[in-house]
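Descriptive structure summary
Listed below, chain by chain, are the residues.
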Amino acid sequence: MNAVKNVWREEPALTAAGLLGFTLAAFCAVMMAVQGVIVPPEGNLLSAFSFNAALGLFLITTAFLVPLAGFSRRKRQIFCWSYLVCAFYSYGAETVQHMRGFSPRYSQAGGTADAIVGGVFGLIAVLMIVYYVVLAWPFFRTRLLKDRPLLTIGIRYGMAATMLSFAGGLWMIALQSRYTGLEGNIIWFHGLGFHGLQMMPILALLVERNPSMSEKSRRRFLHAGGTAWLLLIILIGWQTTLGYSVFYPNAIMLISGGLLIGWVAVFIRAIIPVLKNRHLSLSHKKI
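Residues numbered from 1 in each chain as written. Predicted model: local features only at pLDDT ≥ 70, side-chain atom pairs only at ≥ 80, totals over all residues. Heavy atoms only, no water.

We now examine the overall build of the protein. Looking only at helices and strands, the protein features 10 helices and 4 strands. For the protein, the succession of helices and strands along the chain, N to C, is α-α-β-β-α-α-α-α-α-β-β-α-α-α. For 287 residues, the compact-globule formula gives about 19 Å, and the C-alpha radius of gyration of the protein, at 20 Å, lands near that figure. Overall, the protein is about 65 × 50 × 40 Å in size when its C-alpha atoms are taken along their principal axes. Looking at the 287 residues of the protein, the share that counts as buried comes to 44%. In the protein, once contacts between residues fewer than 6 apart in sequence are set aside, the share between residues at least 24 apart is 74%. Accessible surface, the protein: about 15,000 Å² in total, of which carbon and sulfur atoms supply 69%. Each charge sign in the protein was given a centre, from 24 positive and 9 negative side chains, and these centres are 13 Å apart. (Helix = DSSP H or I, 4+ residues; strand = E, 2+ residues; numbered from the N terminus. Rg over C-alpha atoms; globule rule 2.2 N^0.38 Å. Buried < 20%, exposed > 50% of the residue type's maximum accessible area, 1.4 Å probe, protein only. Contact = heavy atoms within 4.5 Å. Areas by Shrake-Rupley, 256 points an atom, 1.4 Å probe, with all protein chains shown as cover. Lys, Arg positive; Asp, Glu negative; His and termini not counted. Charge placed at Lys NZ, Arg CZ, Asp CG, Glu CD.)

As a further point, take unusual backbone geometry. Note: most peptide bonds trans; most residues except glycine with negative phi. Look at the link from proline 40 to proline 41: it is a cis peptide, with omega at 5°. Position of proline 41 relative to the elements: it lies in the loop between β1 (38-39) and β2 (43-44).

A word on the packing of helix α2 (residues 12-35) against helix α4 (residues 73-100). Axis separation between α2 and α4 bottoms out at 10 Å; the angle between their running directions is 5°. Judged on the interaxial angle alone, α4 and α2 are roughly parallel. For the pair α2 and α4, contact is made by Ala13, Leu14, Ala17, Gly18, Leu20, Gly21, Leu24, Phe27, Cys28 and Met31 and by Cys80, Trp81, Leu84, Phe88, Tyr91, Thr95 and Met99, respectively. Per-class residue counts for the contact of α2 with α4 are 14 nonpolar, 3 polar and no charged. (Axes fitted to C-alpha atoms, helices over the stretch in contact; angles between N-to-C directions. Parallel < 35°, antiparallel > 145°, perpendicular 65-115°, else oblique. Nonpolar A, V, L, I, M, F, W, Y, C, P; charged D, E, K, R; others polar.)

We now examine the pattern of salt bridges. Enumeration over the complete set of coordinates arrives at 7 salt bridges. Arginine 100 serves as the salt-bridge partner of aspartate 114, at 2.8 Å between the closest nitrogen and oxygen. Here the residue aspartate 114 occupies a position in helix α5 (residues 112-136), and arginine 100 occupies one in helix α4, the gap between them amounting to 14 residues. What makes aspartate 114 buried here is its relative accessible area of 8%. For arginine 100, a relative accessible area of 42% corresponds to the partly exposed category. Each of the salt bridges in this network shares a partner with another, and the network as a whole consists of Glu10, Glu11 and Arg76. (Salt bridge = Lys/Arg side-chain N within 4 Å of Asp/Glu carboxyl O.)

Applying the stated rule across the entire model yields 18 aromatic pairs. A centroid spacing of 5.9 Å and a plane angle of 70° characterise the contact between tyrosine 132 and phenylalanine 166, whose relative ring orientation is edge-to-face. Remark: phenylalanine 166 occurs in helix α7 (residues 149-175) and tyrosine 132 occurs in helix α5; sequence separation between them is 34 residues. For the pair formed by tyrosine 132 and phenylalanine 166, the shared burial category is buried. An aromatic cluster is defined as three or more aromatic residues linked by ring pairs; in this entry it consists of Phe58, Phe71, Phe79, Tyr83, Tyr131, Tyr132, Phe166 and Phe194. (Phe/Tyr/Trp six-rings, centres within 6.5 Å; stacked < 30°, edge-to-face > 60°.)

Rendered as structure tokens:
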């Protein structure tokens, strides 16, 4: 709860924009219940739902990261307000276009205005990537590593995963579709990369609070989790490049499953001591 309050206090605008994404996702869910998922000829409210929720989570995560980057006040303001403009356009294009029945990115049935919306959407996506590279850069410098070494390592892995996700986004823009080959769906590669931006810092925060591990063991533990997540994304990307579904059973997906199980095991190993300490602390307070 304290972490949520801190994020809201540090970056209220970005946090509010993230919450707007969840509100729009809820609205899309209601519309799906009322009129169905498909809006002819191209609209898909499920896509709008997932996009709004994902962008909302991404913005809230960004609100957590921005104060840690060590930006000057002016640079921080430029980054945040630029990102807000990009986010609001993305929310609007994704939600309105799908509700109108047109693809917000690759419309084949729309007119000139719809093509312009899609073209601007693509430019906005590229601009958001460039801005995030600027945000990521300070976390790979030595100064932040000295201040919060474990959290910085976790953020580094999260940023690396995000860059892979952005590559997936550019891949979809180039293809004008999320599908490749017979059954390949780039959205799995794209989505897993973005979730690394949440999961790796969370893992780092858990490892920081684990009193039973030495500093060296904590770092090794965190590197193991980060390496597993990055390799998982890379293998998913390889599977997609070959044109196969992530549900197609082969050696690549077998190894991917092993990496996912390994990451979950690392996460469980990290969270159990934290939960135990919390339980003991609450017990002492009651006494």
